[in-house]
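Chain and residue survey
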Amino acid sequence: MVAVLVGLKLRLLRNALRQSAWRIVGVVLATAYGLFLVALAVVGMIALRFTGVAVGPDVVVVGLSALTLGWTLVPLLASGMDDTLDPGRFALLPLRARELLPGLVASSLVGVPGVATVLIALASVVFWATGALPAIAALIGAVLGVLTSVVLARVVTTGLGGLMGGRRFRDSAAGIVAVLASLSGVTVAMGMEAVSRTPNAADLVGSLAALAGWTPFGWAWSLPADVASGRWGSAAAKLGCAVVLVAGLLRAWEALLERRLTSPLEARGGGERVGQSGWIDRLVGTSSAGAVAGRCLRYWRRDPRYITSIAMYLILPIVLVVSMQLQRRSGDDLGAVPWEFFGPFSLAMLVGLSTCQDLAYDGTAVWTHLTTGVPGRADRLGRLIALGVVVGPLFVLLQLAAAVISGRWDLVVPSTAVGAAAGLGGAGAASWIGAILQSPAAPAGANPFRTTNGGGLQAMIATMVTVAASGILAVPVLALAWAGLDQPWAAVAAPVVGLGIGLGAVTLGTRLGGGYLDGHWPEVLTNVSEKRA
Amino acid sequence: MTDALVLEQITKNFGAKRAVDALSLTVPRGSLFGLVGPNGAGKTTTLSMATGLLRPDYGRVLVGGVDVWADPPAAKTLMGVLPDGLRLFDRLSGRELLRYVGLLRRVPPADIEARSRELLDALGLTEDADNLVVDYSSGMTKKIGLACALIHAPALLVLDEPFEAVDPLSGEVIRGILRRFVAGGGTVIFSSHVMELVEQLCDQLAVVALGRVVAAGSLDAVRAGESLQQRFLDLLGVAVPSEGVLTWLQSSSGSN
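About the thresholds
- Residues numbered from 1 in each chain as written.
- Chains lettered and ligands numbered in written order.
- Predicted model: local features only at pLDDT ≥ 70, side-chain atom pairs only at ≥ 80, totals over all residues.
- Heavy atoms only, no water.
- Helix = DSSP H or I, 4+ residues; strand = E, 2+ residues; numbered from the N terminus.
- Buried < 20%, exposed > 50% of the residue type's maximum accessible area, 1.4 Å probe, protein only.
- Contact = heavy atoms within 4.5 Å.
- Areas by Shrake-Rupley, 256 points an atom, 1.4 Å probe, with all protein chains shown as cover.
- Pairing = 2+ DSSP bridges.
- Axes fitted to C-alpha atoms, helices over the stretch in contact; angles between N-to-C directions.
- Core = buried A, V, L, I, M, F, W, Y, C linked by side-chain atoms within 4.5 Å.
- Buried area = accessible area lost by both parts, 1.4 Å probe.
- Salt bridge = Lys/Arg side-chain N within 4 Å of Asp/Glu carboxyl O.
- pLDDT = per-residue confidence, 0-100.

1. Topic: the overall build of chain A
Across its full length, chain A holds 20 helices and 2 strands. Every one of the 533 residues in chain A was classed for burial, and the buried ones make up 47%. Across chain A, every contact between residues at least 6 apart in sequence was considered, and the portion connecting residues at least 24 apart equals 81%. For chain A, the exposed area adds up to about 24,200 Å²; of that, 72% sits on carbon and sulfur atoms.

Spelled out as structure tokens, the structure:
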């Protein structure tokens, strides 16, 4: 069964490569990046081994623990989980979860991240092999560590995905966001505390290694370190923890698999009625752009993928506010500008990102826009109107919070000017690039952490273009706002220029993007169709 | 009088595979036209190219004399479309979806209101009008799709598998709507696998296979005195599996 599943995965990957040039470019880039990281890690560890630097073991433990943490965090935050072998597809075969499990673990390692992790784990064995016992401990640690990485990632994405894809998530979204935000805030705060208390770098790495070694991410990886330095009690404890963790995770994955095998269909809600939401229609009017805006506003409320976007828009500024509080204590304000105002600015920088994904999120439903002959410009503009209705109040809220906390009401106007240039600028750029580059996205109701065949690279390029445009367009306004702190003419010019740049970018972006759509609608439909990816 | 829909030599390749091969077809105004063919014959690809959803590699499509690929907006105004296998904006309720399509089609809001009510009522969707389309069964999804295709009172209806997954009762309702639509001067082209349905409903049809038209014309001309099912099998030269093949399947009834 293991060989069958690994073979299946290899074959699926090869077939996907044949279908899309984007996919090939993506794999080449990922492979190059992976090789670079592996080379760096291997050379680094071997160099540390033979130079015998005192912090060597600590650095290795911290690095490998970070690797395992990354396996869990990266799919949640950025790229999603490779779902080539979706267990739901095996539902009709007479197989138990237990029979599939070993093969699925093995096939998770097929791919750039898996191979890179195995190579790095092997290099760590070389690093620890200063004696027979540490070498054996390192080998055991490496096996357990790789297993922890792969299975933990699966369990977390499958578990959370099931939670977030469901309709119930919508109503608990606010609570989950609050918990996540405060957790990340606390983590940042604790990190800052540790850094500020520890005077030199070697001690810092030492305490980080000690801390990491006692987290689930580091139990396996710190095992050889304890053995090498003769801390037998600690080594035994970690071995026990790591084994129990891997066994528990495998059991959890098996349970999740079992559920997926018996209910492979994606979640469908239970006949819930929606209100008429007449206020949305009155707000946006009955023009084509207004109709698109009205539809998008309903999606911002009803589609878990958009709700997740709102969550991200809230989390980032809050994390910034927490770390800013710590900065303030160390008396590190950025010249005359309190850190509070980075909250609204960071929101403005991110605003365009959901617009990049809009067409991908619509999926094949965009055929409605094709057959009704809606002008591309109305499509682009409608989406931005909805975005503005959602994000505008958030921006005002953060701006007011910044003013209240810092007491600097004089900064509200220049900060809003910079935010207008960055936010509207990003939205305009996203309207243009989002019209050109699309890839299929996981449909609403599916696991939001799932990646689809061949996506990713286009989304990444669109994201980079959007954020870069936000930043570049904000620079002149930032300069004016700065000068405006003591030059009255600049204080007047900043909001005018900021609004001008922002509105100019939106006009240009919707016009160029809309024009492109008018000529390329059928290609857009092909791009977002999953089967042709 | 111009024909409702004319396909001239349209061709589409997917990689090395030729899905539609220089296919030409004329749908006269006022006809109820059936497009039949086996799986993979290119029916969906053909209808996608006719409606502006898929760009042909070669060929021309005229709707009421307007070139779909030279002036898409003008041609799209004339058509109501129900594609197969594409999603709807399914986080809207049925009523909201109808209103959305109506507004994009620039139907006056008061007309949208009145027509939605009638369409939902006729298709038996009034009960579920305020439920999200994502929660509809596949038959209900077909019906709301049909309502969306009708809301702007088009001159030509292009429907891909409109009767699939639809229960017999709703099927009869849809047949009634299509007949009335044609009686009122409209034109319908739809694809189907079900020969009996096409035989009973259509006055014109075309049989396609391997991306080409094998036979086309009035119902009586195409079936040439046979049943449509028999004629279809003759045209495609289908071989029924002979005795002695798949015998192991019989073991499931008894001993194994």
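2. What about the pairing of strand E9 (residues 204–209) of chain B?
All names here are of chain B. With 6 of its 6 residues buried, E9 lies for the most part within the structure. On E9, burial covers both faces: Gln204, Ala206 and Val208 on one face and Leu205, Val207 and Ala209 on the other are all buried. As paired elements, strand E3 (residues 32–36) and E9 share 4 bridges and run parallel to each other. Among the inter-strand pairings, Leu35 is bridged to a residue of E9, identified as Ala206. Pairing between E9 and strand E10 (residues 212–218): 6 bridges, direction antiparallel. When the bridges of E10 are listed, Ala209 appears paired with Arg212. Between E9 and E10, which follow one another and run antiparallel, lie 2 residues, and Leu210 among them has a positive phi close to 50 degrees.

3. Here's the deal with the environment of B:Leu88
With respect to the secondary-structure elements, B:Leu88 resides in the loop between strand E6 (79–82) and helix H3 (94–104). Once the C-alpha coordinates of B:Leu88 and B:Val134 are considered, the two residues, 46 residues apart in sequence, prove to be 8.4 Å apart. Dropping the residues within four chain positions of it, B:Leu88 is found in contact with A:Ala365, A:Trp367, B:Leu97, B:Val133, B:Thr141 and B:Ile144.

4. Quick look at the sheet that holds E9(B)
Residue and element names in this part refer to chain B. If you trace the 6 strands from one edge of the open sheet to the other, you get E6-E7-E8-E3-E9-E10, paired in mixed fashion. The open sheet has two edge strands, E6 and E10, and neither has a second partner. Mean inter-strand twist for the sheet, computed between neighbouring axes without regard to direction, equals 15 degrees. In the sheet, E6 pairs with strand E7 (residues 156–160) via 4 bridges, with the strands oriented parallel.

5. Here we look at the nonpolar core
Counting residues in each nonpolar core, the largest one holds 107 residues, and the members touching the most others are B:Ile144, B:Val188 and B:Phe190. For B:Val188, the contacting residues outside a window of four places in its chain are B:Ser31, B:Leu32, B:Phe33, B:Leu157, B:Leu159, B:Leu178, B:Phe181 and B:Val182.

6. Here we look at the interface of chain B and chain A
Each side of the interface is counted separately: chain B has 36 residues, and chain A has 43 residues. Both faces combined, the contact of chain B with chain A buries some 3,700 Å², and carbon together with sulfur accounts for 55% of it. For chain B, the biggest contributors to the area lost against chain A are B:Phe89, B:Arg91 and B:Leu104; these three give 22% of the whole. Summed over the shared surface of chain B and chain A, the result is 4 salt bridges. With a closest N to O distance of 2.7 Å, B:Glu96 and A:Arg302 form a salt bridge.

7. Regarding the side chain of A:Arg383
Relative to the helices and strands, A:Arg383 is located in helix H17 (residues 376–406). Here A:Arg383 falls in the buried class, since its relative accessible area comes to 2%.

8. Some details on the confidence of the model for chain B
All names here are of chain B. Residue-level pLDDT values for chain B average 90, and 96% of them are 70 or greater. When mean pLDDT is compared element by element in chain B, E7 scores highest at 95, while helix H9 (residues 228–236) scores lowest at 87. If you check the scores for this complex, the pTM reads 0.81 and the ipTM reads 0.90.

9. Some points on helix H15 (residues 353–362) of chain A
All names here are of chain A. With 9 of 10 residues buried, H15 is to be regarded as a mostly interior element. Within H15, the full set of buried residues consists of Ser354, Thr355, Cys356, Gln357, Asp358, Leu359, Ala360, Tyr361 and Asp362. Once H15 finishes, Gly363 follows within two positions and takes phi at roughly 65 degrees, a positive value.

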